[in-house]
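Structural description and commentary
Residue strings, one per chain:
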Amino acid sequence: MMKGYLTVFLSISLSLLTGFILLLTACAIRNGEKIRFECASDTAMNAVLSEYGIHLFERYELLYVDASYLEEAPAIEKVQERLSFYMEQNTVSVMQKRNAPWGQLTPLSVDILSYETAAANRGASMHQQAVCWVRDTGVTRKESDVVNVKSQISNLDEADPFGAWNGIMEQLAGMELPLILNEKGEWEEVPLSNPADWVYGLAENDAIYLAEADMGQVSPISVDLGQYISHRKIVNTAASNRSYQQDERAFLTYLFEKMGCYGNEREGSLLCCQLEYLAEGKDSDIANLRAVTKRILRWRFADNVRLALSDGGLQSEAIAAANNLQAVTLKKEFEMPVAESILYACAFLETVADLRTIYAGGSVPLVKSSHQMSVEKVLDGILYRADGGEGFTYGQYVAGMLLLLGEERLNLRAMDVMEMDIRLQNGNEGFCMDWCIESFEALITAKGKAAGTYRISRRYGYF
């Protein structure tokens, strides 16, 4: 009887123990499937990020997944396909191999819920990566020093010296000339013969010609701006609740390290004067260089006018030159307008000299404390070149223009240039910066053998 009890007890115990062991085994398989699913998901998302756009990275040191994958048009479905491929390789393919672990994992769906691109916050993402690269490498550029004088640059940019000069010349043109009796006993006008007239005519010349710029390396091509990010309808500008690192000084450094300009062109670029494009946004190198040159001319003219009008000795020379004109001696109202026009002529000749110095590779201070102006140069028709020395180089003047653009416009134009350059390379015709993915969130669903369906949501990115 006792043996019967023991047999029943052992049978029941063995049944319970077997069930418990099977339960533990099922839980272990389930947990193993869950862990493998999470590992496969993390690995797949990292694998997608490992396929960053190599051309963009090599050229501009920016890390993004190019959603075009060297095909004609970008699409988020292509990224999902890559994520699905990696999930398949890390689940079904592994589980079907010999000596595979217990369990089963079959991906059911892969959905990318959201993603951020280089165009997030209209270029803030790209700006941050550029800033981080500068900080990581420790590179410095003198062009970034213009940040220290931003207010002075802004004041010069708002000045209108040509408008003031035009007003003086129009005032003189509207004044009645004095009359004298000629040998025939007839009244005739006395010509003003203003010595500033030839300089005023000189100001109508092309600024590039006045600067004596070497156009040998400047590309004559024009580009269709409508196909680039700042001109087309931008997509994928949404950003998660995050703060982006912004740094004017570091970003200027990045731009001058990675892009070319007059006198420092980069090979393999659609536009030679890329930084000039950032400053002016026109469709050709020639148009951008001309606009930049005119702007430097205006800045230098504004500063030189300030010097001329504040120089008492120069004013005395101008008044004396005005009084040597017969028309002025006959009609005193001409004296001050003529003297002022001569002072503006002095300032413009100094400006041409400054411009030629800058375009020859020299430096001219943004705000000068001395000058080489004289009324004699106006009277004798002399063009000259200013003495080089300490001051702003051509690149620093361009950097000052970029500084005044505003962050959003500068970001978008910088991405224009990036698109231009990358599309030049084989297989990158569909490249778009607003399809360059920096981070993404995915919802992945898989079917397991032990516990049905697994779901996981992850966000992965470079930053």
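Here the structure is shown first, and the text comes after it.
Residues numbered from 1 in each chain as written. Predicted model: local features only at pLDDT ≥ 70, side-chain atom pairs only at ≥ 80, totals over all residues. Heavy atoms only, no water.

**Quick notes on the packing of helix α5 (residues 124-137) against helix α10 (residues 248-258)**
Contact pair α5 / α10: the axes reach a minimum separation of 8 Å and the direction vectors enclose 85°. When the axes of α5 and α10 are compared, the pair comes out roughly perpendicular. Between α5 and α10, the residues in contact are M126, H127, A130, V131, W133 and V134 and A250, F251, T253, Y254, E257 and K258, respectively. (Axes fitted to C-alpha atoms, helices over the stretch in contact; angles between N-to-C directions. Helix = DSSP H or I, 4+ residues; strand = E, 2+ residues; numbered from the N terminus. Parallel < 35°, antiparallel > 145°, perpendicular 65-115°, else oblique. Contact = heavy atoms within 4.5 Å.)

**Some details on a nonpolar patch on the surface**
Together, L179, L181 and W187 line one region of the surface with nonpolar side chains, adding up to about 360 Å² of accessible area. For L181, a relative accessible area of 49% puts it in the partly exposed group. (Patch = residues over 30% accessible without salt bridge, like charges linked within 9 Å, V, L, I, M, F, W, Y side chains within 5 Å. Areas by Shrake-Rupley, 256 points an atom, 1.4 Å probe, with all protein chains shown as cover. Salt bridge = Lys/Arg side-chain N within 4 Å of Asp/Glu carboxyl O. Buried < 20%, exposed > 50% of the residue type's maximum accessible area, 1.4 Å probe, protein only.)

**A word on the nonpolar core**
The biggest cluster of nonpolar side chains holds 112 residues, and the ones touching the most others in it are Y359 and M433. Leaving out residues up to four positions away in the same chain, M433 has contacts with L56, L62, T117, A118, A119, M126, I229, R232, M415, M418 and E419. Core analysis: the second largest hydrophobic core is formed by 27 residues, F37, M87, C432 and F440 among them. (Core = buried A, V, L, I, M, F, W, Y, C linked by side-chain atoms within 4.5 Å.)

**A few points about the packing of helix α7 (residues 161-174) against helix α12 (residues 285-310)**
For the pair α7 and α12, interaxial distance at closest approach is 9 Å and the crossing angle is 65°. Judged by residue contacts, P161, F162 and W165 of α7 engage L297, R298, F301, A302 and V305 from α12. Of the residues that constitute the contact of α7 with α12, the class distribution is seven nonpolar, no polar and one charged. (Nonpolar A, V, L, I, M, F, W, Y, C, P; charged D, E, K, R; others polar.)

**Examining the pattern of salt bridges**
For the structure shown, the criterion picks out 29 salt bridges. Between E257 and R141 there is a salt bridge, with the nearest N and O atoms lying 3.2 Å from each other. With E257 in helix α10 and R141 in the loop between α5 and α6 (150-158), the pair connects residues that are 116 residues apart, well separated along the chain. Look at E257 and you get partly exposed, because its relative accessible area is 30%. Assessed through its relative accessible area of 21%, R141 is described here as partly exposed.

**Looking at the packing of aromatic side chains**
A complete count under the given rule lists 19 aromatic pairs for this structure. Ring plane angle 10° and centroid distance 6.3 Å describe the contact between F251 and Y254, whose orientation is recorded as stacked. You can see F251 and its partner Y254 sitting in helix α10, three residues apart, about one turn around the helix. Taken individually, F251 and Y254 each receive the classification buried, so the pair is uniform in this respect. Cluster of aromatic residues (ring-pair linked, three or more members): F162, W165, Y200, F301, Y344 and F348. (Phe/Tyr/Trp six-rings, centres within 6.5 Å; stacked < 30°, edge-to-face > 60°.)

**Structural notes on the side chain of R295**
Note on placement: R295 falls in helix α12. If sequence neighbours within four positions are ignored, R295 has contacts with D157, A279, E280, M401 and L404.

**Let's talk about unusual backbone geometry**
Positive phi is not limited to glycine here, since E61 has a value of about 60°. The topology assignment puts E61 in the loop between α2 (54-60) and β1 (65-66). One non-glycine residue, N121, lies in the positive phi region at around 55°.

**A look at helix α13 (residues 312-323)**
Each α-helix turn comprises 3.6 residues. Residues three or four places apart therefore point the same way. The terminal C-alpha atoms of α13, which comprises twelve residues, lie 17 Å apart, in line with the 16 Å expected from a rise of 1.5 Å per residue. Burial in α13 covers these residues: L314, A318, A321 and A322. Each buried residue of α13 sits inside an arc of 100° when the element is viewed along its axis, so together they form one side. Where α13 is buried, its residues contact α12, α14 (326-330), α15 (335-359) and α16 (375-380). Structurally, the start of α13 carries an N-cap: the backbone nitrogen of G313 is 3.0 Å from a side-chain oxygen of D311. (Expected span 1.5 Å × (residues − 1). Arc of directions from axis to C-beta. Polar contact = N/O pair within 3.5 Å; in protein donor to acceptor, adjacent residues only side chain to side chain.)

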